[in-house]
Amino acid sequence: MVELSLKDGVARVFLNRVEKANALDWELLTALMQSFQTIKEEKALRVVVLGGQGKTFCAGADLSAMSALTHETSRQFITLIHEVCAAIRALPVPVVARLQGSVIGAGLEIAAACDLRIAAEGTRFLMPEVRLGIPSVVEAALLPRLMGSGRAAWLVLTGEAIDAARAYEWGFVEEVTSSQNLDARVDSVVKSLLAGDPEALRVQKELLQKWDEAPLSESIAASIEHFAQAFAKGNPVDRLRKR
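What comes next concerns the included structure. Predicted model only: the values in this text are computed from it and were never measured. (Residues numbered from 1 in each chain as written. Predicted model: local features only at pLDDT ≥ 70, side-chain atom pairs only at ≥ 80, totals over all residues. Heavy atoms only, no water.)

1. Regarding the sheet that holds strand β1 (residues 2-7)
Thought 1: If you walk across this open sheet you meet the six strands as β1-β2-β3-β4-β6-β9, and the pairing is mixed. Lying at the two open borders of the sheet, with one neighbouring strand each, are β1 and β9 (175-177). Within this sheet the neighbouring strands show an average axis-to-axis angle of 20°, counted without direction.
Thought 2: One ladder, built from four bridges, connects strand β4 (residues 95-99) with strand β6 (residues 116-120); its direction is parallel. Paired with Leu-99 across the bridge in β6 is Ala-119. (Pairing = 2+ DSSP bridges. Helix = DSSP H or I, 4+ residues; strand = E, 2+ residues; numbered from the N terminus. Axes fitted to C-alpha atoms, helices over the stretch in contact; angles between N-to-C directions.)

Written out as structure tokens, the structure is:
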């Protein structure tokens, strides 16, 4: 249900439940968790690409699995979705989402947990939970940070879809390209990330998350400390001398 490969420091994790448009059930969510736990321990890891096989990135939570939930299992299921998103954010390297087709509900939350998002033209983004009698929760909380509170509210309150062009305009995706060019653009971004110093990229990802969550003064203090530590280790010196 998940395809995982690691080559030259780049891990590629692809949802592969094509017959269900990569909808998330217990099994697929568990497989995703295992994949992220596996690659997190890889010392050679530099970048992660997260995508979906077939025509759709992810159709959200599987409706059959959802309709079978009880009060108790509903808590377990949504917690598992959160844990998958948290595992993506906990990866120590940049995660690039490769998006196409539809990015729905929990699938959109998984995309939000990534660091960068590249979408094919025509990709649809929607959070339809309110139309199913439930609120959008867990990593939907990232949406106001990514696109602003008003746009996040529009998405989760109306349940209406936006296209890739509007997702770019709203700041949810960083780039939109043609379907034919999607892999080439993802590879180009991966190449740019690999050009960075491995340790600096890991620190930068850590700081980006702190900037999202911590008070400004704490974020700046942490930034100063990491800057000084970089010189204590000597990492930037050679690169600076070559400029």
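Right, picking up where we left off after that structure.
2. A few points about unusual backbone geometry
Trans is the prevailing form of peptide bonds, just as negative phi is the prevailing case for residues other than glycine.
Thought 1: Even without being a glycine, Ala-21 presents a positive backbone phi close to 55°.
Thought 2: Mapped onto the secondary structure, Ala-21 falls in the loop between β2 (10-15) and α1 (26-40).
Thought 3: In this structure, Val-138 takes a positive phi of about 40° despite not being glycine.
Thought 4: Considering the arrangement of structural elements, one finds Val-138 in the loop between β7 (124-126) and α5 (143-147).

3. Topic: the sheet that holds strand β5 (residues 102-104)
Thought 1: The mixed open sheet is built from three strands, whose spatial order is β5-β7-β8. Every interior strand has two partners, whereas the edge strands, β5 and β8 (162-163), have only one.
Thought 2: Strand direction decides the pairing type here: β7 and β8, joined by two bridges, are antiparallel. Bridge pairing links Arg-124 to Asp-163 in β8.
Thought 3: Packing against the sheet, helix α4 (residues 106-113) makes contact with β5 and β7, and its axis sits at approximately 95° to β5. (Contact = heavy atoms within 4.5 Å.)

4. A short note on the pairing of β6
Thought 1: With four of five residues buried, β6 lies mostly within the body of the structure.
Thought 2: Direction of pairing for β6 relative to β9: parallel, over a ladder of three bridges. Bridge pairing in β9 places Ile-118 opposite Glu-175. (Buried < 20%, exposed > 50% of the residue type's maximum accessible area, 1.4 Å probe, protein only.)

5. So, the environment of Leu-6
Thought 1: Following the sequence through the fold, Leu-6 ends up in strand β1.
Thought 2: Spatially, the C-alpha atom of Leu-6 lies 31 Å from that of Ala-232, the residues being 226 residues apart in sequence.
Thought 3: When sequence neighbours within four positions are dropped, the list of residues in contact with Leu-6 reads Ala-11, Glu-42 and Leu-45.

6. Comments concerning the side chain of Arg-46
Thought 1: On the secondary structure map, Arg-46 appears in the loop between α1 and β3 (47-52).
Thought 2: For the buried residue Arg-46, which engages in no salt bridge, the nearest side chain bearing the opposite charge is Asp-197, 7.3 Å off.
Thought 3: In this structure the side chain of Arg-46 is engaged in a polar contact, spanning 2.8 Å, whose partner is the backbone oxygen of Leu-194.
Thought 4: Residues contacting Arg-46, with those up to four places away along its chain left out, are Gly-9, Val-93, Pro-94, Leu-193, Leu-194, Gly-196 and Pro-198. (Lys, Arg positive; Asp, Glu negative; His and termini not counted. Salt bridge = Lys/Arg side-chain N within 4 Å of Asp/Glu carboxyl O. Polar contact = N/O pair within 3.5 Å; in protein donor to acceptor, adjacent residues only side chain to side chain.)

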